[in-house]
Amino acid sequence: MIRTSYDVIIAGGGTAGFAAAVAAGRKGMKTLLIEKDSHLGGTLAMGIPLLGVFDGNGVQVAKGLVEEFVQRLIQENGAVGHIHGARWSNNGYMQGDAFSLTPFDSEIGKYVAQEMVLESGAELLLHTLVCGVQKEGNRLTGVDIVNKSGISTLKAKVFIDATGDADLCALAGAQFLPKERVQNSSILFVMNRVDTERLAEALERGENVDGRGWWHSRLVKGKKIDGAEASFIHIAGHFRPWEQDDTEVTFTAVSIREQEVSLNATRTVNIDATNAESLTEGEVSERRNIQKLVKGLRANIPGFAQAYVTKTATLGIRESRTVLGDYVLQGEDVFNHRDFPDSVVRGAYPSDIHDPKGGKTQFIFIRDGESYGIPYRCFLPVGLEGLLVAGRSISATQKANGTIRLQGTVIAQGQAMGSAAALAVSKGVTPREIDPHELREDLLTQGAIV
């Protein structure tokens, strides 16, 4: 039975939100996680592997709930663990930073996220949207929610916006960073009966698949779920899928079971994730793109002749609103692996900018393969009290956003903000008033890395 008052309410049960709920629930907080969809996970449910867990030197920089999530996936036969063995190239020579990934079954990911939340003692409310706020001065005190049961108001001492689009922050009157264009959007899809060995051979020969030896190839082999021997887990490059058309399609293919591949290959530009009509346009555009691409893959790309689509995700948004926080993380902070006295999360993945104009993806690497810190101030919306933000909407420039939004980093953000909310409630202060050094110490005791 849903209460009317909580210690902590989290809007959004995606990659950051589920971790925030687990962290707050384990601290004994009366916690409610509100999610608009029928399941938890958000981007975790789309088929993207965890990235950003290790830096370019192969050092793990995201542990805590990140590692616990991975180990639970392994127990449920939904993953085989972290995969290493490749390097980002440098102008065609494989001598750059180490590349690693943690692929997993997205359906099992939904289940594991759900069970971790419920085991923590947090409550869960699905099929529900936050549609309004209650404030006392500049402090958020309540949220209005709408679902099949109607409209109601819930109170809490601290709120966390993990919606991905900063919806709760917008309702509360937060300030946002100005931007001309956002990164493009995609729908990931899964195909079966794909011969990954043949696809890798085609990449090697340049047989309608280009890019061998450049940054985007990243050929990775490893043991798959239920697999007996190592085979290709990660292949990336450029498809040329259409006859009499030299158009190249940049792709990433991730395979966690034999003959099954999750593809990130289609792009639609200028989608506003805060506008329902624009989101609809994106969904329609991307499903058309998938259908066109699949026909080309079957006809012209080695390894796909017998392949067929078994699953499509919802529209994947890389960037929308960005909250103006007490500090704005800069691209230079990331690339120069800057640390901060109030760092509560570490990031390590190169800045991954999917061209807002539709061109090729740009990667900007972190100097010396190191990791950077994300200060607590980036999670505090300017001018608002009682509210934290976690996920891709935290206070960061577009270049910094290209790395803070990776899933390994986002789970760590959720753990940090759930812990921050619990600390604020336990001390009877607002999130802005807690000592970030105390939060750092608390996170370290949880096995996180700050």
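This one's a predicted model, so the numbers in the text were calculated from it and none came from an experiment.

Points about helix 9 (residues 407-427)
- Along its 21 residues, helix 9 runs 30 Å from first to last C-alpha, staying within 8% of the 30 Å computed at 1.5 Å per residue.
- Buried residues dominate helix 9, accounting for 19 of its 21 residues.
- Immediately downstream of helix 9, the backbone of Gly428 shows phi near 70 degrees, a positive value.

A word on the nonpolar core
- Core analysis: the largest hydrophobic core is formed by 92 residues, its most contacted members being Phe18 and Leu329.
- A per-element tally of this core places helix 9 first, with 11 residues.
- Among all residues touching Leu329, those that are not within four sequence positions of it are Val334, Phe340, Tyr372, Gly373, Ile374, Pro375, Cys378, Ser395, Ala396, Thr397, Ala400 and Ile404.
- With 31 residues, the next largest nonpolar core counts Phe189, Leu199, Ile290 and Ile301 among its residues.

What about the layout of surface pockets?
- If you add up the space inside the second largest pocket, you get close to 380 Å³.
- Together, 18 residues line the second largest pocket, and Glu248, Val249, Thr250, Ala265 and Arg267 are the ones closest to its centre.
- Looking at the lining of the second largest pocket, the elements that each hand over two or more residues are strand 13 (249-257) and helix 6 (276-300).
- The leading source of residues in the lining of the second largest pocket is helix 6, at 3 residues.
- Residues that form the lining of the second largest pocket fall into these classes: 5 nonpolar, 9 polar and 4 charged.

A few points about the packing of aromatic side chains
- Within this structure, the stated rule accounts for 10 aromatic pairs.
- With a centroid separation of 5.5 Å and an interplanar angle of 50 degrees, the aromatic rings of Phe18 and Phe69 are classed as tilted. With Phe18 in helix 1 (residues 15-26) and Phe69 in helix 2 (residues 65-75), this residue pair connects regions lying 51 residues apart in the sequence. Each of the two residues, Phe18 as well as Phe69, counts as buried.
- Summarising the aromatic geometry, the rings of Phe69 and Phe104 are spaced 5.8 Å apart at their centres and angled 80 degrees between planes, so their arrangement reads as edge-to-face. Here Phe104 lies in the loop between strand 4 (98-101) and helix 3 (106-119) and Phe69 lies in helix 2, a separation of 35 residues in the sequence. Of the two residues, Phe69 and Phe104, both sit in the buried class.
- Aromatic ring contacts, followed pair by pair, group Trp88, Phe99, Tyr349, Phe363 and Phe365 into a single cluster.
- The ring of Phe232 has Lys221 lying over it, and the distance from NZ or CZ to the ring centre is 4.8 Å.

Focus on the packing of helix 1 against helix 3
- Contact geometry for helix 1 and helix 3: axes closest at 8 Å, N-to-C directions at 25 degrees. The pairing of helix 1 with helix 3 is recorded here as roughly parallel in orientation. Crossing of helix 1 over helix 3 shows left-handed handedness. Side by side, helix 1 and helix 3 meet where Phe18, Ala21, Val22 and Arg26 of the first sit next to Ala113, Met116 and Val117 of the second.
- Of the residues assigned to the contact of helix 1 with helix 3, the class counts are 6 nonpolar, no polar and 1 charged.

Parameters and conventions
Residues numbered from 1 in each chain as written. Predicted model: local features only at pLDDT ≥ 70, side-chain atom pairs only at ≥ 80, totals over all residues. Heavy atoms only, no water. Helix = DSSP H or I, 4+ residues; strand = E, 2+ residues; numbered from the N terminus. Expected span 1.5 Å × (residues − 1). Buried < 20%, exposed > 50% of the residue type's maximum accessible area, 1.4 Å probe, protein only. Core = buried A, V, L, I, M, F, W, Y, C linked by side-chain atoms within 4.5 Å. Contact = heavy atoms within 4.5 Å. 1 Å grid on protein atoms, 1.4 Å probe; cavity = no way out; pocket = protein on both sides within 12 Å on 5 of 7 lines; lining within 4 Å. Points joined across faces, edges and corners; volume = space filled by probe spheres on them. Nonpolar A, V, L, I, M, F, W, Y, C, P; charged D, E, K, R; others polar. Phe/Tyr/Trp six-rings, centres within 6.5 Å; stacked < 30°, edge-to-face > 60°. Lys NZ or Arg CZ within 6 Å of the ring centre and 35° of its normal. Axes fitted to C-alpha atoms, helices over the stretch in contact; angles between N-to-C directions. Parallel < 35°, antiparallel > 145°, perpendicular 65-115°, else oblique. Left-handed = near helix turned anticlockwise from the far one by under 90°.

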